[in-house]
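# Descriptive analysis of the structure
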Amino acid sequence: MGRRHDPMLLRAADPSTVGAMLPPGDRFSGRPRRYHDAVGATDLLTIVECGDPILRRPADPVDTVDLASEEMQHLIGQMRATMEAAPGVGLAAPQVGRSIQLAVLADGPERWGQLSEEERTARERGPLDFTVLVNPVVHPIDAGAGRVSFFEGCLSVPGLMGVVARHRAVRVEALDADGTPLARVFSGWAARIVQHEFDHLLGRLYLDRVETRSLSSSENYVRYWAGRPPSEAAHGLGFTLD
Ligand SMILES: [Zn+2]
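We now turn to the structure provided with this report.

About the cut-offs
Residues numbered from 1 in each chain as written. Predicted model: local features only at pLDDT ≥ 70, side-chain atom pairs only at ≥ 80, totals over all residues. Helix = DSSP H or I, 4+ residues; strand = E, 2+ residues; numbered from the N terminus. Buried ≥ 20, exposed ≤ 12 C-beta atoms within 10 Å, placed from the backbone. Contact = placed C-beta atoms within 7 Å. Expected span 1.5 Å × (residues − 1). Pairing = 2+ DSSP bridges. Axes fitted to C-alpha atoms, helices over the stretch in contact; angles between N-to-C directions. Core = buried A, V, L, I, M, F, W, Y, C linked by C-beta atoms within 7 Å.

### Quick look at the overall build of the protein chain
- Looking only at helices and strands, one finds 6 helices and 8 strands in the protein chain.
- Element order for the protein chain, N to C, with α for helix and β for strand: α-α-β-β-α-β-β-β-β-β-α-β-α-α.
- The buried share of the protein chain, taken over its 242 residues, is 43%.
- Taking as baseline every contact in the protein chain between residues at least 6 positions apart, the subset at least 24 positions apart corresponds to 78%.

### Things to note about helix H2 (residues 70-85)
- The terminal C-alpha atoms of H2 lie 22 Å apart, and with 16 residues this matches the ideal 22 Å at 1.5 Å per residue to within 8%.
- Looking at H2, one finds that the buried residues are Met72, Gln73, Leu75, Ile76, Gly77, Gln78, Met79, Arg80, Ala81, Thr82 and Met83.
- The inward-facing, buried residues of H2 abut helix H1 (64-67), strand S1 (90-92), strand S2 (102-107) and strand S3 (128-140).

### Some points on the sheet that holds S1
- Ordered in space as S1-S2-S3-S6-S7, the 5 strands form an open sheet in which the pairing is antiparallel. The open sheet has two edge strands, S1 and strand S7 (181-187), and neither has a second partner. Between one strand axis and the next, the sheet turns by 40° as a mean value, whatever way the strands run.
- As paired strands, S2 and S3 are joined by 5 bridges and run antiparallel to one another. Bridged to Leu105 within S3 is Thr131.
- Of the strands in this sheet, S1, S2 and S3 touch H2, which is tilted by about 40° from S2.

### Describing the sheet that holds strand S4 (residues 147-154)
- Taken in spatial order, the 3 strands make up an open sheet running S4-S5-S8, and their pairing is antiparallel. Looking at the sheet topology across the chains shown, the edges are occupied by S4 and strand S8 (216-217).
- For S4 and strand S5 (residues 157-167), the ladder comprises 7 bridges, and the chain directions are antiparallel. Opposite Phe151, over in S5, you have Val163 as the bridge partner.
- The strands that helix H4 (residues 189-201) touches are S4 and S5; relative to S5, the one it contacts most, it runs at about 115°.

### Brief notes about the nonpolar core
- Formed by 53 residues in total, the largest nonpolar core has its most connected members in Met79, Leu91, Ala93, Ala103, Val104, Val134 and Val194.
- Top contributing element to this core by residue count: H4, with 7 residues.
- Apart from the residues lying within four places of it in its own chain, the contact partners of Ala93 are Ala59, Met79, Arg98, Ile100, Leu102 and Ala103.

Note that all results are geometric; they support no functional claim without further evidence.
Structure (structure tokens):
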């Protein structure tokens, strides 16, 4: 399967505001259970595929009291394990059947498949530590000017890849797994992952933004377009890049 190559299963971002940011005073206190300690391989979750209405519904904000619960911390661990097993670089709660504003992200060499140094540089793809975003709000930086186009795919849309123009950098406000507010800028590939995941929380799929003429089966992506700049796919398949 073409998954070995450029496994960039993502989801999320748009200037729209969805997440409800809670003031710092509202976050729960005390250390939560370590979400990654309590999960075994048998805990993998089933990934929902497109056509399921849950992927098209705006997700509900997570209540900070609920976030502190054992059940929610366990879910975060399960989502991490499921993302790693897929493998993917991001997973949003609606993709595992939970309509809540929660997403996990991570990227690193083990997910880069056969990407060359040159391809990684073009994508600005570097390591991204495991990150939990709860109730995120995503703001594009340099909206309009800084969009970049690359192939991406989605664990909920198996067997397809397509070119999506995304903001090169975004600023994110969210809560982390502990309920601590975070404000952080993501750029390059990490920004793409954030935008893809944020879209999932809004009930959107990358198919809503994809250059439709770029859509390729995983096999044909590997056969024709992997390792080549998106401009060649644009020329070969008949679409224009942003
Ligand atoms: Zn996705």
